[in-house]
Every structure is written in structure tokens, then in C-alpha cells.
Amino acid sequence: RRSPLPRPPETHRNLTPNANPNTNPNPNPNADPNPKPESLARTLASTMDTRAAVQDLALRLRRRLVAGPYQSALETMNLLRKIIGIRRWSTVEDLLAEVKSVGRQLVLAQPYEMAIGSMVGRVLYFIRDAHQAHLEELGHERRASSAEAAPAAEKTVEDRFAHMLLRQASLKDMVMSGSERNPSGRATIDPALKSAIMESLTLYRDELLTMHEEIEKQALEYIHTDSVILTLGASESVRIFLKGAARKGLNFHVVVLEGDPQPQRGHTLAKDLAKAGITCTIVPDAALFTIISRVSQVVISTRAVMANGGLQATAGTHTVALAAKQFGIPVVCVTGCYKVCPVYPHDMDSFVELGSPAVVRAGIEGADGSRDQTKNVQVCNPLTDYVPPELVTLYVTEQGGHQPSYIYRLLSDFYNHKDLGWQP
């Protein structure tokens, strides 16, 4: 007698009673039940386009094809505007997560450009601010509609109690309006909210483009006739600031430090100022203490303004600030508000960028090019310095002058406390 053959396992059969086999057990509430091929193709193309743009900017940052805080900030802002504008977003949380992910890639590509993290933080702030304003607008509309639906005359106690409950429900709708439209409990993005976010980003980008003009208008408030100003580096903000004062008829003298081991930066700045009719004198870095007593003020720039009021600047700035404090000379830092970053310098050495020692070593080799004199020498070539807040007198920005102790207030105006720990 033959035994019955075993039945094959029913792996593709739904064993749930009274279940429709064509029903997805875990549907996505945000997905389109019948997506069109054209829509899927556009979404895929926009995603691939934005990923390629992120990789391209990260590569250019890593290779220093995009250098300097201003260019890095502007390129980061343009990239984030492109990502937010051309892609479709289902919820606010997804948009915030994508912006943070892109920001981490850019920061890891160039960790010493603090302006990249500052731009990402500002974009996160604009998204949250636009979302909050959108919720408040929806709440006002619902309260207005509930007030129109309420009875004109409330004659009984029951009517008054029902109207009070209706107003409380409208207040709850204002707070939960973004969550109730999505079964997953996350706030959704509609075209009005996306348009408000893009408008905020466009306005801020326009502010970046006109930042130097606003700084130039304040030159008369901080530079006086017959002043002797000491500066170093080749900052565009300082260049425009000094040129603006000279264009308005002020006569002053500028002393420029060479900035070894890259003296071409100091010479380039001095030539540019001399073409604008400003009297300039170039002195070597070793003559700082010789000339500092004749200086009326020090004007410097920065690559980043820390949360405690300190700054990250060109190498040699810390020495200049120490000498200025020794002689009681004010130190004025000309910078844009986009450089204010919510980072505390707990480890000051981590903010000092080191360059190739070949530039320094070439100056101490033998006359015949031999390296016998430097074979046992360890050469360090710092490109940046950290200057503590007690050595800085004033920050001049496009929004006016601020003391280092006021930086904490700018942080609360520029960033949201929920986005302070996103950086790697």
C-alpha cells in the first residue's frame, strides 16, 4: 500500500481567514496606490540628479576647488535649495532628515569649513519656522470657520458649553493639524508649505549676495580720519570694508603684515588697497611688536565665529590679538552673520588646520637645495588660529556691531535648539 505523497509547503498562500490575497498587509499610507510610470520616472530622475550634485560638491570641497567660507556657504545653500525644490517630500521629518544627511556628507568632505555646517543649520531653522507658521495659519482658518458655524445667540448653558468645547477642539486642530492628515502621525508637506520654505531660502540667499554692501555702509562708524589700521590676510570682507571707507573720503593709513609662509596674500591685499588710493605699508611678521604701538586699531576677518564668542582666523591672528591687548588697542572683526556657528571650542587644537610643511621647509633648506640641515627638524605649518573671545573687541556684521558676549543671542535667532547635535 502506497503512502500519500507529502504536500508542498504553501509559502505563497495567505493563511489568514477571510483575507484578500491581493491586499498588501503593510500598506504605505503616503504612497500613491496607483502610481503612474511618468511620475515614478520623474521622481527617480530627480533623486539621481540630487545625489550626483551632492557628490560633485563634496568632491570639489575635498579637492579645494571650492575654498573659503563665503564660496562654501553659497554653494551649500544653492545645493540645498535645489534638493528641496525639485524633489517631492511626503513629510517634514523626511525633509529634515535628508538635509541633515546631505550636511553630514559635506562636513565630512571639508571639516574645517565651519560655514558649511552653519548653512545647513540655517536651512533646518527655515524649514521648522515655515512649518510652524503654516500650522498657525491653518489654526487661524479653522478657528474662523468654527466661529462662523457657532450659533449667533447662546441662550442656554448647554449652548455655551458646546461652543467652549468647539473652540477647544479648534485649538487642538491648530496643534495637531499636520499629524491628523497623515496616519503615521507625521506632519505632511503641502504645496503652500513648500513654497514658503523656498521663499525663505531665496530671501536668505539674496542676503548673502548683498552682505558685503551692507558691511561697507558701516565703515564710517568704525574708521576715522588719520587712523592707522593694522590688518593681515587677504579677506574679501576687510578689503571691501576698507575700500568703502576710502570711497567716502576718509584718509587713513593701513599697515599690512606679510603673513609668512604665504607672503603673496599680504602683498596682494596691499596692491589692491593702493589702487583704491589708500596709503599702505607692508611689514614682515617679525616687526609686529615694533609697529603695534603706533596702530590705532586692528581690523581682521574670520573663517568662523564660535558659540562662545571666539573665532577661527588666518594663522598669525592670535599673535596679533595678543599684541593688541598688550598695548590696549581694539580688535575689530569684520564678518558676515553666516559664519556664526553653534559649536563650542572644547578642544581648541581641533579647529587648527595644518597645511603641507613643504612650504615652510623650502625656506630653511640649504642654498644648494640639500636637506642636511632639516633632516632632524619637525616642521608644522598651521593655516588657521583660534582667538579666544577676550581678545576680540567687536564684531562688525551686516546687522551691525556686536560684542563677543552677544553671540549667544545670535545663535538663538539663527538656529533651532532641536538641530544643534546633527553634525558628525
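Relevant structure appears above.
In this report, the structure presented in the accompanying data block is examined. The structure displayed is predicted, hence computed values, not measured ones. (Residues numbered from 1 in each chain as written. Predicted model: local features only at pLDDT ≥ 70, side-chain atom pairs only at ≥ 80, totals over all residues. Heavy atoms only, no water.)

## Notes on the overall build of the protein chain
Piece 1. Each helix and strand in the protein chain was counted, giving 14 helices and ten strands.
Piece 2. Within the protein chain, counting contacts between residues at least 6 apart in sequence, those at least 24 apart form 80% of the total.
Piece 3. Carbon and sulfur atoms form 53% of the exposed surface of the protein chain, whose accessible area is close to 23,800 Å². (Helix = DSSP H or I, 4+ residues; strand = E, 2+ residues; numbered from the N terminus. Contact = heavy atoms within 4.5 Å. Areas by Shrake-Rupley, 256 points an atom, 1.4 Å probe, with all protein chains shown as cover.)

## Focus: helix 9 (residues 236–247)
Piece 1. The end-to-end C-alpha distance of helix 9 is 16 Å, a good match for the 16 Å that twelve residues give at a rise of 1.5 Å each.
Piece 2. Extensive coverage of helix 9 is indicated by the burial of nine of its twelve residues.
Piece 3. Taken residue by residue, helix 9 has Ser237, Val238, Arg239, Ile240, Phe241, Leu242, Gly244, Ala245 and Ala246 as its buried positions.
Piece 4. Its side-chain oxygen 3.3 Å from the backbone nitrogen of serine 237, serine 235 forms the N-cap of helix 9.
Piece 5. Taken from the residues just after helix 9, glycine 249 is the one with a positive phi, measuring 95 degrees. (Expected span 1.5 Å × (residues − 1). Buried < 20%, exposed > 50% of the residue type's maximum accessible area, 1.4 Å probe, protein only. Polar contact = N/O pair within 3.5 Å; in protein donor to acceptor, adjacent residues only side chain to side chain.)

## Regarding the sheet that holds strand 7 (residues 331–334)
Piece 1. The mixed open sheet is built from seven strands, whose spatial order is 3-2-1-4-7-9-10. Every other strand in the sheet has two partners, leaving strand 3 (279–283) and strand 10 (400–402) as the edge strands with one partner each. Across the sheet, the mean angle separating the axes of adjacent strands is 25 degrees when strand polarity is ignored.
Piece 2. Taken together, the five bridges between strand 2 (residues 253–257) and strand 3 define a ladder with parallel strand orientation. Opposite valine 256, over in strand 3, you have isoleucine 282 as the bridge partner.
Piece 3. Here helix 12 (residues 317–326) sits on the sheet in contact with strand 1 (228–231), strand 2, strand 4 (297–300) and strand 7, set at roughly 160 degrees to strand 4. (Pairing = 2+ DSSP bridges. Axes fitted to C-alpha atoms, helices over the stretch in contact; angles between N-to-C directions.)

## Let's talk about the sheet that holds strand 6 (residues 311–314)
Piece 1. If you walk across this open sheet you meet the three strands as 5-6-8, and the pairing is antiparallel. Looking at which strands have only one partner, the edges of the open sheet turn out to be strand 5 (304–305) and strand 8 (384–387).
Piece 2. Where strand 5 and strand 6 come together, two bridges link them in antiparallel fashion. Within the sheet, the bridge partner assigned to alanine 304 lies in strand 6 and is glutamine 312.

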